[in-house]
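So you can see what is in the structure, the chains are spelled out below.
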Amino acid sequence: MKLYRNILLPMILLFLGYSCFSLEIYNFDEAYEKIYFENYRVEFEFHLSNIKYSNKIETLITKLIYNDKNFEEYMAYKENEFIGDINEQDFPTIINDDGTKYYYHSNYIETYEITNINSYFLTIKYTDYYYITGSAHGYFQTKYCIIDLLEGKILNINDLINVIPESELLKLIEQKYKDFNINYDSFSNNLWPPDTINFEINGIILFWNIYSIAPYSFGPIEINIPYGIINSYLTQKGELLRETYLIK
């Protein structure tokens, strides 16, 4: 099977019109502030990535990740989505004790980072953080977008890995977080599926964001399962991703 893939791969690359050896990541960073109703300050920060020297991959990322928008259009879209329908009545004028005007404030930070690319797959790590004025604390999340370059789509967890029994997951979580005295009663939801997964050199990361399965005080839950343990759960697509991880 590996020999067949090695023979077929150069033909696929020639057909697609790119070579991963010639690809280059380019990044776009922007931070700015907007004020609404003269007393509501919102800070935005974006860190976006795409690929140079392959129109096919660049276009695919633009379509799947950035809603078919260029970086400027995407930032405007996310800005409007975050602000939503706001009313001036919700931000009454407040004067501080020193006589200055009080400013309501919110923050939104979003990052897309290309972490791995090989002849079949491309992985993009997404993180965001946002704080809405008046909230007790900010919120944040992580998501790994694994793109199948040949099929032109983002893969779901079940495309790559079959269900792992919760007893096995709990054992691994308890082992890593033993100082927190975590047990099954600590979790409010089922452990499977995780919110996101990522393939690395030595194993697979399973990741649950805040509030997903545990209280905010626990933070996100993350475990790394070595391939020797998880191999039997991988789908055919997952095996291919594992095998090609180091092919640049």
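Below is a short write-up of the structure. For every chain, the first residue of its written sequence is number 1, and the numbers climb from 1 along that sequence. With pLDDT at 70 or above as the cut-off, local features in this predicted model cover only qualifying residues; side-chain atom pairs require 80 or more to be listed or tallied, and sums for whole chains, interfaces and linings still use all residues. Hydrogens are left out, water is left out, and the side-chain values use all remaining heavy atoms of the structure.

What follows covers unusual backbone geometry. With omega at 0°, the peptide bond leading from Trp192 into Pro193 counts as cis. Look at Tyr53: it is not a glycine, yet its phi comes out positive at around 70°. Put simply, DSSP marks the helices as runs of H or I at least four residues long and the strands as runs of E at least two long, and each gets a number from the N terminus on. Within the secondary structure, Tyr53 sits in the loop between strand S2 (40-52) and helix H2 (55-64).

Further remarks concern the pairing of S2. Inspection of the sheet shows strand S1 (residues 24-36) paired to S2 by 13 bridges, in the antiparallel sense. When the sheet's bridge partners are listed, Tyr36 is paired in S2 with Tyr40. At least two DSSP bridges between two strands are needed for those strands to be called paired. Examined bridge by bridge, S2 and strand S3 (residues 104-117) share eight bridges and lie parallel to one another. For Glu43, the partnering residue across the bridge sits in S3 and is Asn107.

Bridging between strand S4 (residues 121-131) and strand S5 (residues 139-148) involves 10 bridges; their strand directions are antiparallel. Considered in S5, the bridge of Leu122 is made with Ile147. Pairing geometry for S5 and strand S6 (residues 153-154), over two bridges, is antiparallel. By the bridge assignment, Ile147 is partnered in S6 with Ile154. Turn length for the S5-S6 hairpin, with the two strands adjacent in sequence and antiparallel, is four residues, and the turn residue Gly152 shows positive phi of about 70°.

With that out of the way, let us pick up the nonpolar core. In plain words, nonpolar cores are sets of buried Ala, Val, Leu, Ile, Met, Phe, Trp, Tyr and Cys residues tied together by side-chain atoms within 4.5 Å. Remark: exposure states derive from per-residue accessible area (1.4 Å probe, protein chains only) relative to the maximum for the residue type, with buried under 20%, exposed over 50%, and partly exposed in between. By size, the foremost hydrophobic cluster in this structure holds 31 residues, and its most contacted members are Leu48, Ile61, Leu122 and Ile124. Elements with a minimum of two residues in this core: S1, S2, H2, helix H3 (71-83), S3, S4 and S5. A total of six residues in this core trace back to one element, the largest contributor, which is S2. Contact between two residues is taken to exist if any of their heavy atoms lie within 4.5 Å; hydrogens are not considered. Beyond its immediate chain neighbours, meaning those up to four positions away, Leu122 contacts Ile51, Ile57, Ile61, Ile114, Asn116, Ile117, Cys145, Ile146, Ile147 and Leu149. Within the second largest apolar cluster, 29 residues are counted, among which are Tyr120, Ile161, Ile197 and Ile230.

Residue position: Asn39 is located in the loop between S1 and S2. Take Asn39: its relative accessible area is 3%, and that puts it in the buried class. Once residues lying within four places of it in the same chain are set aside, the contact partners of Asn39 are Phe91, Pro92, Thr93, Lys101, Tyr102, Tyr103 and Tyr104.

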